[in-house]
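Each chain, letter by letter, is given below.
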Amino acid sequence: MSDDRLTEVVNAARLATLGTLVAGVAHELNTPLGAINSNHDVLRRALGRLQNILADDVVDETELAEVRRIVRALDDIMVVNDLAVDRLNQLVSSLRSFGRPDRAERDFVDIHEGIESAIAILGHELKGRIEVVRDYGDLPVIECFPNELNQVFMNLLVNASQAIADRGTITVRTRGAENGIAVEIEDDGNGIAPENLDRIFEPGFTTRGSRIGMGMGLAIARQIVDRHTGRITVRSTPGVGTAFTVWLPVRLG
Amino acid sequence: MPENRSATVMLVDDEPMVATALRSFLELETAWRILTFSNPLRALDALRSHEVDVLVTDFMMPGLDGVMFLRQAREIQPLASRVLLTGYADKTNAIRAINEAGLYYYLQKPWDNEQLKMVIRNGIERTTLFRELDRRVAALDGAHRELHELRRKLIRTFL
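Description of the structure in this document. (Residues numbered from 1 in each chain as written. Chains lettered and ligands numbered in written order. Predicted model: local features only at pLDDT ≥ 70, side-chain atom pairs only at ≥ 80, totals over all residues. Heavy atoms only, no water.)

**Some details on a negative patch on the surface**
A surface patch of negative charge is lined by Asp56, Asp57, Asp60 and Glu61 of chain A. Mapped onto the elements of the fold, Asp57 of chain A is located in the loop between helix H1 (3–54) and helix H2 (61–99). (Patch = residues over 30% accessible without salt bridge, like charges linked within 9 Å, V, L, I, M, F, W, Y side chains within 5 Å. Areas by Shrake-Rupley, 256 points an atom, 1.4 Å probe, with all protein chains shown as cover. Salt bridge = Lys/Arg side-chain N within 4 Å of Asp/Glu carboxyl O. Lys, Arg positive; Asp, Glu negative; His and termini not counted. Charge placed at Lys NZ, Arg CZ, Asp CG, Glu CD. Helix = DSSP H or I, 4+ residues; strand = E, 2+ residues; numbered from the N terminus.)

Below, the structure is given as structure tokens:
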């Protein structure tokens with residue numbers, strides 16, 4: 001595949017991934033937005049009550065108790081709104097660091113940033129079901145195509161989460177290794193049958209039905225890793241789990 | 001309509017910001033006693049020791065999914081009205097909740113405070129009526145047993 005063609009396929013796959021993730025992200029936004037929405041309504045009601053109490057310029061004991069009650073409610077609201085606004089900011093910055101149209105195509109980056117943005121965007125898929133364990137090493141910044149690498153991490157994380165039928169753990173390990181870095185994404189899910197292990201990087205190979213675009217995740221991951229003159233390997237035991245390891249050089253050739 | 005002063009409402013959401021926002025609103029607007037939980041297992045424990053009129057819960061929570069939670073809650077307090085408040089506009093799970101957990105109402109996030117208050121108020125009313133009905137039926141049962149006993153005594157004494 002030519003470089004141009006690869007970029008095209010990778011961009012299409014990124015769009016497809018983001019498309020399926022939009023619903024999840026919308027849900028993630030829904031929680032803080034719902035809280036702010038409700039609090040805004042409470043603020044309006046509280047203001048109305050305070051204005052009523054102050055309307056006659058006399059505040060009696062009963063009204064004073066009511067004012068105290070309102071102030072307590074407003075206190076709670078401030079705390080929740082702080083949390084909600086923080087959450088919205090984090091989500092937006094994850095989305096931005098995942099997509100990054102403003103950043104040079106080729107750049108020196110801390111790989112953890114991309115991994116974290118992929119995990120954050122996947123929050124909806126993982127929440128309550130899958131625990132993500134981070135075992136991060138001290139890594140140098142590496143020269144890479146960050147947007148494409150984020151796509152690799154996203155695809156591997158999506159695969160890992162889909163391999164876990166109910167509850168489980170995804171472990172992300174990063175290490176410095178042989179003039180490069182290694183990222184391992186391991187799940188304790190279904191595992192891959194030995195007869196399929198050689199075929200999983202083939203374009204279109206999937207065990208999950210035949211929708212268009214299915215079975216491209218690992219093929220694209222390998223293309224991107226190849227473009228970085230890196231390596232992607234897999235080990236898997238059915239019923240125990242799967243680990244993908246991506247090795248990447250510190251400098252591109 | 002005067003609020004039922006003794007009513008207890010339990011809110012369960014693994015997102016404390018949601019549970020707290022709901023509590024702020026309900027405490028400001030009503031005299032109901034509000035219990036909030038972010039852990040469904042703790043909420044089940046509390047259900048064993050507190051009489052609850054309405055239970056409002058999210059769908060997916062770490063430790064226990066919403067439908068499982070509502071099913072267990074129904075076993076502990078069958079008369080409490082169960083409301084699902086969720087951002088998952090998922091028909092399959094809504095149907096599951098209605099069929100498997102005897103859901104009273106299904107609300108979607110983001111919610112409308114006024115509607116939420118109305119749903120909870122109606123749920124309290126419903127639970128109160130059910131409890132009253134239970135009490136009346138129990139009283140009738142008692143009276144029936146008493147009559148039976150009197151009849152037995154009468155027969156033994158006079159026949």
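Now, onward.
**Focus: the packing of helix H5 (residues 146–163) of chain A against helix H6 (residues 217–227) of chain A**
Residue and element names in this part refer to chain A. Where H5 meets H6, the axes come as close as 9 Å, and the angle between the chain directions of the two elements is 145 degrees. Note on packing geometry: the crossing formed by H5 with H6 is left-handed. Between H5 and H6, the residues in contact are Glu148, Leu149, Gln151, Val152, Asn155, Leu156 and Asn159 and Gly217, Leu218, Ile220, Ala221, Ile224, Val225 and Arg227, respectively. Grouping the constituent residues of the contact of H5 with H6 by class yields 8 nonpolar, 4 polar and 2 charged. (Axes fitted to C-alpha atoms, helices over the stretch in contact; angles between N-to-C directions. Left-handed = near helix turned anticlockwise from the far one by under 90°. Contact = heavy atoms within 4.5 Å. Nonpolar A, V, L, I, M, F, W, Y, C, P; charged D, E, K, R; others polar.)

**So, the pairing of strand E2 (residues 33–37) of chain B**
Summarising the sheet, strand E1 (residues 8–12) of chain B and E2 of chain B pair through 5 bridges and their orientation is parallel. If you follow Met10 of chain B over to E2 of chain B, its bridge partner there is Leu35 of chain B. (Pairing = 2+ DSSP bridges.)

**Some details on the nonpolar core**
In terms of nonpolar packing, the biggest core is built from 43 residues, with Ile111, Leu149 and Ile170 of chain A touching the most fellow members. Ranked by residue count, the leading element in this core is H5 of chain A, at 8 residues. Aside from chain neighbours lying at most four places away, what touches Leu149 of chain A is Ile111, Ile142, Cys144, Ile224, His228 and Leu248 of chain A. Grouped together as the second largest cluster of nonpolar side chains are 31 residues, Ala73 and Ile77 of chain A together with Trp32 and Ile124 of chain B included. (Core = buried A, V, L, I, M, F, W, Y, C linked by side-chain atoms within 4.5 Å. Buried < 20%, exposed > 50% of the residue type's maximum accessible area, 1.4 Å probe, protein only.)

**Considerations on the interface of chain A and chain B**
With 27 residues of chain A at the interface, the matching set in chain B holds 25 residues. Across the chain A to chain B interface the summed buried area is about 2200 Å²; carbon plus sulfur atoms make up 55%. At the surface where chain A touches chain B, the tally comes to 6 salt bridges. Glu15 of chain B is paired through a salt bridge with Arg87 of chain A; the nearest N and O atoms lie 2.8 Å apart. Within the side of chain A that touches chain B, the residues separate by chemical class into 10 nonpolar, 9 polar and 8 charged. (Buried area = accessible area lost by both parts, 1.4 Å probe.)

**Observations regarding the packing of aromatic side chains**
Residues and elements named next belong to chain A. A complete count under the given rule lists 2 aromatic pairs over all chains for this structure. With centroids separated by 6.1 Å and ring planes inclined at 85 degrees, the aromatic side chains of Phe201 and Phe244 adopt a geometry described as edge-to-face. Within this pair, whereas Phe201 is found in the loop between strand E5 (180–187) and H6, its partner Phe244 is found in strand E7 (residues 241–249), the two being separated by 43 residues in sequence. For Phe201, a relative accessible area of 9% gives the class buried. Taking relative accessible area as the criterion, Phe244 reaches 5% and is therefore assigned buried. Across from the ring centre of Phe145, 4.1 Å away, lies the NZ or CZ of Arg227, which sits over that ring. (Phe/Tyr/Trp six-rings, centres within 6.5 Å; stacked < 30°, edge-to-face > 60°. Lys NZ or Arg CZ within 6 Å of the ring centre and 35° of its normal.)

**Considering the sheet that holds E7 of chain A**
Whether parallel or antiparallel, the strands of a sheet pair through hydrogen bonds between backbone atoms. All names here are of chain A. Judged by pairing direction, the sheet is mixed, and its 5 strands sit side by side in the order E2-E4-E5-E7-E6 without closing on themselves. Every interior strand has two partners, whereas the edge strands, strand E2 (130–135) and strand E6 (231–237), have only one. Ignoring strand direction, the axes of neighbouring strands in this sheet form an average angle of 15 degrees.

**A closer look at the sheet that holds strand E7 (residues 105–108) of chain B**
All names here are of chain B. Taken together, the 5 strands give an open sheet; going across it, the order is E2-E1-E3-E6-E7, and neighbouring strands pair in parallel fashion. Of all strands in the sheet, those with a lone pairing partner are E2 and E7, marking the two edges. Taking the axes of each pair of neighbouring strands and ignoring which way they run, one obtains an average angle of 20 degrees across the sheet. Judged from the 4 bridges that link them, strand E6 (residues 81–86) and E7 form a sheet pairing that is parallel.

**Some remarks on the environment of Gln108 of chain B**
With respect to the helices and strands, the residue Gln108 of chain B is situated in strand E7. Note: C-alpha distance between Gln108 of chain B and Leu84 of chain B (24 residues apart in sequence) is 8.1 Å.

**Overview of the pattern of salt bridges**
As a working rule, side chains carrying opposite charge can pair if their charged atoms are close by. Applying the stated criterion across every chain, the model contains 33 salt bridges over all chains. Between Lys127 of chain A and Asp14 of chain B there is a salt bridge, with the nearest N and O atoms lying 3.5 Å from each other. On the criterion of chain membership, the pair formed by Lys127 of chain A in the loop between helix H4 (123–126) and E2 and Asp14 of chain B in the loop between E1 and helix H1 (16–29) is interchain, its members lying in two chains. Of the residues examined, Asp14 of chain B reaches a relative accessible area of 14% and is grouped as buried. The residue Asp53 of chain B makes a salt bridge to Arg131 of chain B at a minimum N-O spacing of 2.8 Å. Taken together, the residues Asp53 of chain B in the loop between helix H2 (40–49) and strand E3 (54–57) and Arg131 of chain B in helix H5 (residues 113–158) connect sequence positions 78 residues apart. With respect to class, Asp53 of chain B is no different from Arg131 of chain B; both count as buried. One connected set of salt bridges, linked through shared partners, spans Asp41, Arg44, Arg45, Arg49, Glu66 and Arg69 of chain A together with Glu29, Glu114 and Lys117 of chain B.

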